[in-house]
2 protein chains.
Amino acid sequence: MCLIMEAADDHVDGGVLAAPSNFSMVEDGIYRSGFPKPENFGFLTTLNLRSIIYLCPEPYTEENLKFLEANNIKLFQFGIEGKTDPPTLMPKDTVLDALKVLVDVRNHPILIHCKAGKHRTGCLVGCLRKVQSWCLSSVLEEYQKNAGLKWRQRDLNFIEAFDTLSLRQCLLSIMYRYHGYGFKRKRLLHEEENVQTPKLQAAKV
Amino acid sequence: MCLIMEAADDHVDGGVLAAPSNFSMVEDGIYRSGFPKPENFGFLTTLNLRSIIYLCPEPYTEENLKFLEANNIKLFQFGIEGKTDPPTLMPKDTVLDALKVLVDVRNHPILIHCKAGKHRTGCLVGCLRKVQSWCLSSVLEEYQKNAGLKWRQRDLNFIEAFDTLSLRQCLLSIMYRYHGYGFKRKRLLHEEENVQTPKLQAAKV
């Protein structure tokens, strides 16, 4: 076995990596999942996470806190209620605050999770996609794929109604300030800025 | 509106980006989806694709070929039958050939697609995950999330039976040769190689 396999296996329990439930990659440096269990720590180590956005009001578990500390991962907790009886409304301002943390590349690589990685996580990712100019049907398809049979109409309504207009301008200015931001088209723009001087000068800010 | 928004909008039809059906990010530089339609070309442009792996035997459409030519995207076609009556077996050797193209970073960013992005694409991504040391339950969960209600037991069986042992060593050696390979843990190793000289010398190749 060559070196690269040996060293990779240092992070692996029993030779395999167990992803957290409902794990997906969202963008370069942005991941989503359900609540990670200790058996997922080996997998998470390979992501080299800098931060976690945790979207539940319940305190983080002791073992997960220890994992964060050992790996120097910063926790951003936004306590959004997940009760369904009676159903709680998704709090706009809290989602907005989480979104600001999410798009700040200084926090990347970052993992978003709640309990199942379906509703609260799905709403936050849905709002991010709107900031990225995804059309609504693409946003909702992604939400539904990750929520499966548990998808909720009120989440779709929340994502659709979420206003990103003023936010997009603010966020993209922030992104633009830092190197290495993961959204492809913004990164491309960033790389091309030196050859776009005339356009830069003509920009309305 | 600031520059970054104006320039980003050059690629956008009607101000929004329509992702191909069943679109997801797999890894840095690797995407998957259903068959892209012309209304998805704006979105695809933002991914800055270098290649496409197309897993159906039917010829690529004229308009999609023109899009590839205009954007200098290389097409790798692997004609895997998608018939269900009678069901065709997933051809091991073809999947292996597609996998070799997929993991070669010289082809990244790369999009894998078939027709629905569920079965043929799901099998190829499933085999990739095995190469990445994902445990089988994580691999199958990802397959099922992307196939939805259309998931097929024979695809799960194919992924489970697919042998990656000798392939992994071969592929990881290839990956190791090129800079910028997207799998986090291998990239980390690559970045760390200068401080691991004693371990490097002791490596069994």
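The structure under discussion appears in the preceding block.
In this report, the structure presented in the accompanying data block is examined. (Residues numbered from 1 in each chain as written. Chains lettered and ligands numbered in written order. Predicted model: local features only at pLDDT ≥ 70, side-chain atom pairs only at ≥ 80, totals over all residues. Heavy atoms only, no water.)

Here the focus is the packing of helix H5 (residues 120-131) of chain A against helix H6 (residues 136-147) of chain A. All names here are of chain A. Where H5 contacts H6, the axes come no closer than 9 Å and their chain directions differ by 160 degrees. In terms of orientation, H5 lies roughly antiparallel with respect to H6. As H5 runs across H6, the sense of the crossing is right-handed. Of the residues in H6, those in contact with Gly-122, Cys-123, Val-125, Gly-126, Arg-129 and Lys-130 of H5 are Val-139, Glu-142 and Tyr-143. Tallied by class, the residues present in the contact of H5 with H6 amount to 4 nonpolar, 2 polar and 3 charged. (Axes fitted to C-alpha atoms, helices over the stretch in contact; angles between N-to-C directions. Helix = DSSP H or I, 4+ residues; strand = E, 2+ residues; numbered from the N terminus. Parallel < 35°, antiparallel > 145°, perpendicular 65-115°, else oblique. Left-handed = near helix turned anticlockwise from the far one by under 90°. Contact = heavy atoms within 4.5 Å. Nonpolar A, V, L, I, M, F, W, Y, C, P; charged D, E, K, R; others polar.)

Attention now moves to the pattern of salt bridges. Counted according to the given criterion, the structure contains 8 salt bridges over all chains. Measuring nitrogen to oxygen at the nearest pair gives 2.5 Å for the salt bridge that ties Arg-106 of chain A to Asp-104 of chain A. The partly exposed category is assigned to Arg-106 of chain A, whose relative accessible area is 47%. Residue Glu-81 of chain B is joined to Lys-83 of chain B by a salt bridge in which the shortest nitrogen-to-oxygen separation is 4.0 Å. For Lys-83 of chain B, a relative accessible area of 52% translates into the label exposed. (Salt bridge = Lys/Arg side-chain N within 4 Å of Asp/Glu carboxyl O. Buried < 20%, exposed > 50% of the residue type's maximum accessible area, 1.4 Å probe, protein only.)

The subject of this paragraph is the pairing of strand E5 (residues 110-113) of chain A. Two faces belong to every sheet, and in a regular strand the side chains alternate between them. All names here are of chain A. The alternating pattern of E5 places Ile-110 and Ile-112 on one face and Leu-111 and His-113 on the opposite face, and all of these are buried. Two strands pair when backbone bridges link them, and strand E2 (residues 30-33) and E5 are joined in this way by 4 bridges, in the parallel orientation. When the sheet's bridge partners are listed, Arg-32 is paired in E5 with Ile-112. Alignment of strand E3 (residues 51-54) against E5, held across 4 bridges, turns out to be parallel. Among the inter-strand pairings, Ile-53 is bridged to a residue of E5, identified as Ile-112. (Pairing = 2+ DSSP bridges.)

Attention now moves to helix H4 (residues 92-102) of chain B. Residues and elements named next belong to chain B. Listed in full, the buried residues belonging to H4 are Val-95, Ala-98, Leu-99, Val-101 and Leu-102. Buried residues of H4 fall within an arc of 160 degrees about the axis and therefore sit on the same side. Set apart from the buried face of H4 by more than 90 degrees, the exposed residues are Lys-92 and Asp-93. (Arc of directions from axis to C-beta.)

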